[in-house]
Amino acid sequence: MVLRSGFMLSRRSFAAGTLAAAGAATWPARAHAADTAAGTAEDRMLMALFADVARKQDALDPLTTIYKGGPPNVAAFRLLFTGAQVRARRSVVQSALSGLKRIDRRKLSAERQISYDVFLGDQKQEALWLRPEMLALTEVRPFTHFGGLHIDFPSIVAKGGPMPYANETHYRRNLALIAAFPQVLDNAIARFREGLDSGVVESKLTVRNMIAQIDALLAQPVDQSPFTSPVRDFPAEVPSPDRAELSRLYTAATTDQIYPAYRRLRAFLNDEYLPAAREQVGISAMKGGAAFYREAIVDHTTLRLDPEDVHKLGLSEVARIQGEMDKVRQALGFAGPLKAFFEEPAE
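Residues numbered from 1 in each chain as written. Predicted model: local features only at pLDDT ≥ 70, side-chain atom pairs only at ≥ 80, totals over all residues. Heavy atoms only, no water.

K.L.:
I keep staring at a nonpolar patch on the surface and nothing clicks. Help me out?
P.N.:
Taken together, Ile321, Met325 and Phe342 make up a surface patch of nonpolar side chains, about 270 Å² in accessible area. Relative to the helices and strands, Phe342 is located in helix H14 (residues 338-343). On the accessibility criterion, Phe342 (52% relative accessible area) is exposed. (Patch = residues over 30% accessible without salt bridge, like charges linked within 9 Å, V, L, I, M, F, W, Y side chains within 5 Å. Areas by Shrake-Rupley, 256 points an atom, 1.4 Å probe, with all protein chains shown as cover. Salt bridge = Lys/Arg side-chain N within 4 Å of Asp/Glu carboxyl O. Helix = DSSP H or I, 4+ residues; strand = E, 2+ residues; numbered from the N terminus. Buried < 20%, exposed > 50% of the residue type's maximum accessible area, 1.4 Å probe, protein only.)

This is the structure in structure tokens:
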């Protein structure tokens, strides 16, 4: 899991590419949303709140909708990496927390009390990440080389990805999302520029890797690009007379909109951002990185642990596991060192 960054879409709401099951995993009761008639009146209020918040989050989350098999929300997509989207996310969290205050936890069934507690903790944590001081450390880093829409979006819209291309309606609907992507990349550039102004920037290693990723995509001829893959293989349901037009539209969108947007992003990263990027790698080297890392530990573990203690725990666990491995080496009568034991070919 990549550390949270507004960058990569909020981990709780957008986690690109791995979003489809997020809701049910985060809120146990959500899996039983249809069972609103059962339980206490308070239970039904809680389930109604879950459904309302889920609806509001889905309206802000164009990627989860796609992974669920729904139509792309182009308007919401254009808002990615903008202040308007952040304000909307904050409004949803505030609505969720206000709704919980109207529910008497004591009157909930035992199962729903667990759901209530999980949901409350989740919303409080989301509210923390939406505070201005945390947004200043996350939203200004929309992409990294570990992930981001600059590398994920081509796979999302490509033929064989999560978006359907079963008929002409699908083709035209998906083309509208592709045509909106340059706006998203420009939004990301604006966020990166905010980081330049505040001094919260990625490492040079990260930036060089992102540039290399973009170069690899731009090196693909348009007729071999993932953006034109849908028109290289039409299903029978798309009428033959419409195929030529769709091919022209997808090719034009890639040539005239997508590739120029990627070139703008590359030029910005190479000419403006890279010279200002930090030499040191690791979040701890970033301005505000210590505060970010502490909250990231809570986000990933639900525990408020000291980063140094986490590091020591990791080292001790590696030592313990290697010790167990070494016992196996000795039991098998291998005389060499542990590294050689793993490299020994099996007979």
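So much for the structure itself; the text now carries on.
K.L.:
Please explain the packing of aromatic side chains as it appears in this structure.
P.N.:
Aromatic rings in a pair are described by how distant their centres are and how their planes are angled relative to each other. Counted by the stated rule, this structure contains 18 aromatic pairs. Between the aromatic rings of Phe50 and Phe119, the centroid separation amounts to 4.7 Å while the plane-to-plane angle is 55°, which identifies the pairing as tilted. Of this pair, Phe50 sits in helix H2 (residues 41-60) while Phe119 sits in helix H6 (residues 110-129), and the two are 69 residues apart along the sequence. Between the aromatic rings of Tyr171 and Tyr250, the centroid separation amounts to 6.0 Å while the plane-to-plane angle is 70°, which identifies the pairing as edge-to-face. (Phe/Tyr/Trp six-rings, centres within 6.5 Å; stacked < 30°, edge-to-face > 60°.)

K.L.:
It is not clear to me how the side chain of His145 should be interpreted in this structure. Could you clarify?
P.N.:
Following the sequence through the fold, His145 ends up in the loop between helix H7 (132-138) and helix H8 (149-157). His145 sits in the buried class, given a relative accessible area of 18%.

K.L.:
Help me understand the environment of Asp223 in this model?
P.N.:
Summarising the element assignment, Asp223 is placed in the loop between helix H10 (204-218) and helix H11 (240-276). Once the C-alpha coordinates of Asp223 and Tyr250 are considered, the two residues, 27 residues apart in sequence, prove to be 9.9 Å apart. Contacts of Asp223, omitting those with residues within four sequence positions, involve Thr228 and Arg232. (Contact = heavy atoms within 4.5 Å.)

K.L.:
So what exactly am I meant to see when it comes to the pattern of salt bridges here?
P.N.:
One side chain can pair with another of opposite charge once the charged atoms of both are near each other. Under the counting rule described, the total for this entry stands at 24 salt bridges. Between Glu202 and Arg141 there is a salt bridge; the shortest N-O distance is 3.1 Å. Here Glu202 is found in the loop between helix H9 (168-198) and H10, whereas its partner Arg141 is found in the loop between H7 and H8, with 61 residues between them in sequence. For Glu202, a relative accessible area of 5% gives the class buried.

K.L.:
Quick question: what am I supposed to make of helix H5 (residues 83-101) here?
P.N.:
Given 3.6 residues per helical turn, the α-helix brings residues three or four places apart onto the same face. Taking 1.5 Å of rise per residue, 19 residues should cover 27 Å, and H5 covers 27 Å from first to last C-alpha, within 8% of that figure. Buried residues of H5: Gln85, Val86, Arg89, Val92, Val93, Ala96, Gly99 and Leu100, and no others. Buried residues in H5, looked at end-on, bunch into an arc of 155°, giving them a common side. In H5, those exposed residues whose orientation departs by more than 90 degrees from the buried face are Arg87 and Lys101. Close packing links the buried residues of H5 with H2, H6, H7 and H9. (Expected span 1.5 Å × (residues − 1). Arc of directions from axis to C-beta.)

K.L.:
Would you mind going over the nonpolar core with me for this structure?
P.N.:
Grouped burial of nonpolar side chains is what soluble globular proteins tend to show. Membership of the largest hydrophobic core comes to 47 residues, with the highest contact counts inside it found for Phe77, Phe143, Leu149, Val157, Phe181, Tyr262 and Leu269. At the level of elements, helix H3 (62-67), H8, H9, H10 and H11 are the ones that each hand at least two residues to this core. Ignoring any residue separated from it by four or fewer positions in sequence, one finds Phe77 in contact with Pro62, Leu63, Leu149, Phe153, Leu177, Ala180, Phe181 and Val184. Leu46, Val53, Leu60 and Ile103 belong to the second largest nonpolar core, which has 13 residues in total. (Core = buried A, V, L, I, M, F, W, Y, C linked by side-chain atoms within 4.5 Å.)

K.L.:
Could you clarify how one ought to interpret the packing of H2 against H6 in this entry?
P.N.:
In a packed pair of helices, the relevant descriptors are the angle between the two axes and the axis-to-axis distance. Two numbers describe how H2 lies on H6: the axes approach to 11 Å, and their chain directions differ by 35°. Judged by the sense of rotation from one axis to the other, the crossing of H2 with H6 is left-handed. Taking contact as the criterion, the partners of Asp43, Leu46, Met47, Leu49, Phe50, Val53 and Gln57 in H2 are, on H6, Arg112, Ser115, Tyr116, Phe119 and Gln123. Within the contact of H2 with H6, the residues separate by chemical class into seven nonpolar, three polar and two charged. (Axes fitted to C-alpha atoms, helices over the stretch in contact; angles between N-to-C directions. Left-handed = near helix turned anticlockwise from the far one by under 90°. Nonpolar A, V, L, I, M, F, W, Y, C, P; charged D, E, K, R; others polar.)

K.L.:
Which parts of the structure should I look at to understand the confidence of the model for the protein?
P.N.:
Segments scoring low in pLDDT should not have their predicted coordinates read at a detailed level. Of all residues in the protein, 88% attain a pLDDT of 70 or more, and the chain-wide mean is 88. Overall, residues 1-37 carries pLDDT values under 50, and its contacts beyond four positions in sequence, including any with other chains, amount to 101 contacts. (pLDDT = per-residue confidence, 0-100.)

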